[in-house]
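# Architecture at a glance
Spelled out, the chains give:
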Amino acid sequence: MSAEGPDRPRPDGDGSTDGGDGPADEADRPVNDPQRFERLPATDADRRVEDRPTRAAVLAYFDERFGVPPATFADHTFWEKGAGSVWVAAGDALTPLAVEALGLRLLRTGGRHWKPTTDGVQRFGDAATRNVVAVDREAARRFVRGEDGPVEWDGDWGYLVVATAVAGDPAPLGVGLFIDGTLRSQVPKGRRRSLGGRQL
Amino acid sequence: MDVLGRYEPLVDDPAAFRAACERPLPYTVRVNTIKSSVERATAALDETGVGWTAAAWNPRLLELDTDAPGRTWPYFLGWLHGQEAVSAIPALVLDPQPGERVWDACAAPGSKASQLAELLGDAGRLVANDASLGRLPALRANLDRLGVTCAAVTHGDARTFSLAPFAGERFDRVLVDAPCSGEGTVRKNPAVLDDWSASSAAGLADLQAGILRRAVEVTRPGGVVVYATCTFAPEENEAVLDRVLGAVDATLVPFDCPLAAEPGVTGWEGETFDPSVRHARRIWPHLNDTGGFFVARLAVGS
């Protein structure tokens, strides 16, 4: 795992080139099966599939990067389907599961820098206290349209939770990649909307 | 043919029935309490200048004065989901309890599935299945936007649904919101009447009976199955119940329907049905100014 990565994130932030099947001469080892959900091992010592992230590492990532307390996920389990794609599901389930989806896709761990999903941040991002950038409505509108824009942010480069005040309290909208003064919207195409008009 | 006319003998006030079917439906949304609350979602609507009125029978259902709720902040945030009032009834009649195991046999595009997840407190396990590969993306997108984590999505024919991925453990409750002729949606989609035919209704009835039978089989004794459609056709409603009751260990039971409704009909075009079909409820459009629905609740096992 390489969640921390102090060096500069790449704008693509996408780990899709990261294969998960391991070296050919170790073919008898358990490998990631892209058709099944398999539960993340609790710790490194429990790991059987090479490169699979652990529950401990996922909890540590959300805690260290965003200040999300590990207890936030106390009633949830973490799963992998396809190398580098971590899902979060309520409760315990049997493993492995051959289903189309199990809970929400929460996190990509395939690339150099782990990246939370829009839906994961909207669901659990209320608990975030670090690396949360609060933007005004105009910047929020731009972000939700999928556009990049300037932002005032003195903190780390990398993936940030983007929030704006809705009905008086900050509401997490999704994930932005902050590099060199610019917030790059990571809202996926299917979730982008033109919110607004004069009043909306 | 005059599709609505064939149901007039079943209706108390045919003129009111006709008139209701011709009116467009009000636009309603359900507040998603997995990500928000009625208080916060309505405050967000107030802030954006969208007017709302809560349904008298359910504070989580709001009638909006916009026809583009998808362009509002609370919608983007997954605090609201477009759902017609009458379509909220089947999940309420199924009444899942937090932590239970629930199967939604025909789940796409996910309005009722996400409502079931909400009623489960987003805990326990919801299995949201659909036979149509083309409809799964909409189902998944809705569950994702609404922040549902308790659902497993499966793709398959509900008539042959396998419990194998779930260690053979049966469900506490199952919703069968069956594919149907859909006349009850006429206020949203008037063209639905043009597609009606007796032969397609007969084909749908076979499919519906197969799904309902499997639903009862995969429910534990003491569990509950709800059978729902948005058709007025007795062939796809009471006749399906009548067929399945004779083949499975389940009985129709009375329930409290939150909307005004009439009992199931015990006969149609010369056929008579098991008298217990009167426990089912027909929600005609003119009774509550909604779409049309049919809902039945079955108790599984002796």
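Above: the structure in question.
Quick summary incoming for the structure in this document. Just so it is clear, the structure is predicted and the values come from calculations on it, not from any experiment. (Residues numbered from 1 in each chain as written. Chains lettered and ligands numbered in written order. Predicted model: local features only at pLDDT ≥ 70, side-chain atom pairs only at ≥ 80, totals over all residues. Heavy atoms only, no water.)

## Structural notes on the interface of chain B and chain A
Applied cut-off: Only heavy atoms matter for contacts: two residues are in contact if any of them lie within 4.5 Å across the pair. Here the buried area means the combined drop in accessible surface, using a 1.4 Å probe, for two parts upon being joined, counting both sides. By definition here, a salt bridge exists when the distance from a side-chain nitrogen of Lys or Arg to a carboxyl oxygen of Asp or Glu is within 4 Å. We call two N or O atoms a polar contact when they sit within 3.5 Å, provided that within protein one can donate a hydrogen and the other can accept it, with sequence-adjacent residues counted only if both atoms are side-chain atoms. A run of H or I in DSSP becomes a helix once it reaches four residues, and a run of E becomes a strand once it reaches two; helices and strands are each numbered from the N terminus.
With 38 residues of chain B at the contact, the number on the chain A side is 42 residues. With both sides pooled, the region where chain B packs onto chain A buries about 3100 Å², and carbon together with sulfur makes up 58% of that total. Counting the contacts that link chain B with chain A gives 2 salt bridges. Between A:Arg123 and B:Asp122 there is a salt bridge, with the nearest N and O atoms lying 2.6 Å from each other. The tally of links from chain B across to chain A stands at 16 residue pairs in polar contact (both at pLDDT 80 or more). If you list the elements that add at least two residues to the side of chain B that touches chain A, you get helix 2 (38-48), helix 3 (73-76), helix 6 (136-145) and strand 7 (151-155) of chain B.

## A few points about the pattern of salt bridges
All names here are of chain B. Inclusion rule: The cut-offs for exposure are 20% and 50% of the maximum accessible area for each residue type, with area from a 1.4 Å probe on protein chains only; residues under the lower value are buried, those over the upper are exposed, and the others partly exposed.
Enumeration over the complete set of coordinates arrives at 26 salt bridges over all chains. For the salt bridge of Arg-60 with Glu-118, the shortest nitrogen-to-oxygen distance reads 3.2 Å. Placement of the pair is Arg-60 in strand 3 (residues 58-64) and Glu-118 in helix 5 (residues 111-119), with a sequence separation of 58 residues. A residue is classified by how much of its surface remains accessible, and Glu-118, at 7% relative accessible area, is buried.

## Quick notes on the side chain of A:Arg65
All names here are of chain A. By the secondary structure assignment, Arg-65 is in helix 1 (residues 55-66). Of note is the side chain of Arg-65, whose polar atom sits 2.8 Å from the backbone oxygen of Tyr-159. Not counting chain neighbours up to four residues away, the residues in contact with Arg-65 comprise Ala-60, Arg-130, Asn-131, Asp-156, Trp-157, Gly-158, Tyr-159 and Leu-160.

## Some points on the nonpolar core
Basically, it comes down to this: We define a nonpolar core as any set of buried Ala, Val, Leu, Ile, Met, Phe, Trp, Tyr and Cys residues linked to one another through side-chain atoms lying within 4.5 Å.
Counting 99 residues, the largest nonpolar core has B:Trp103, B:Val176 and B:Leu241 as the members making the most contacts within it. B:Leu241 has contacts with B:Leu212, B:Tyr227, B:Leu252, B:Val277, B:Ala280, B:Phe294, B:Ala296 and B:Leu298, leaving out every residue within four places of it along the chain. Counting residues in each nonpolar core, the second largest holds 30 residues, with A:Val144, B:Val29, B:Leu45 and B:Leu62 among its members.

All quantities given are derived from atomic positions and should not be read as evidence of function.
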